[in-house]
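Chain residues, written in single-letter form:
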Amino acid sequence: MIMTRKEILKIIISVLIAALTALAAGLGLSSCNVTRVITNESQYVQRGDTSVVIQTRTVETYDASKKL
């Protein structure tokens, strides 16, 4: 089967459109997700065997998307 120039040109254009679409989707859908965990602990020992432990934990999450 012999292809004509028009058929070859249609195939090349289709491949280029598919590649450009994939590239645009990759750039347009890129995103960033960052999570930071902060833990603070304080201990205080009283008389005898009684002790107090105060612990706080903070979780921060940041989601961003790249906008063109």
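Given the structure is predicted, the values throughout are model-derived calculations rather than measurements. (Residues numbered from 1 in each chain as written. Predicted model: local features only at pLDDT ≥ 70, side-chain atom pairs only at ≥ 80, totals over all residues. Heavy atoms only, no water.)

This paragraph deals with the overall build of the protein. A tally of regular secondary structure across the protein gives one helix and two strands. Secondary structure elements of the protein occur, N-terminal to C-terminal, as α-β-β. A buried classification covers 0% of the 68 residues belonging to the protein. (Helix = DSSP H or I, 4+ residues; strand = E, 2+ residues; numbered from the N terminus. Buried < 20%, exposed > 50% of the residue type's maximum accessible area, 1.4 Å probe, protein only.)

Bringing the environment of Asn33 into the picture now. Mapped onto the secondary structure, Asn33 falls in strand S1 (residues 31-45). Given a relative accessible area of 56%, Asn33 falls into the exposed group. Placed 29 residues apart in sequence, Asn33 and Tyr62 show a C-alpha to C-alpha distance of 5.9 Å. When residues no more than four places from it in sequence are discounted, the contact partners of Asn33 are Thr61, Tyr62 and Asp63. (Contact = heavy atoms within 4.5 Å.)

Across the protein, pLDDT averages 77, with 78% of residues at or above 70. Here S1 stands out as the element of the protein with the lowest mean pLDDT, 73, in contrast to helix H1 (residues 5-28), whose mean of 85 is the highest. (pLDDT = per-residue confidence, 0-100.)

Attention shifts here to a nonpolar patch on the surface. A surface patch of nonpolar side chains, amounting to about 540 Å² of accessible area, comprises Met3, Ile8, Ile11, Ile12, Val15 and Leu16. Mapped onto the secondary structure, Ile11 falls in helix H1. Judged by relative accessible area, which is 43%, Ile11 ranks as partly exposed. (Patch = residues over 30% accessible without salt bridge, like charges linked within 9 Å, V, L, I, M, F, W, Y side chains within 5 Å. Areas by Shrake-Rupley, 256 points an atom, 1.4 Å probe, with all protein chains shown as cover. Salt bridge = Lys/Arg side-chain N within 4 Å of Asp/Glu carboxyl O.)

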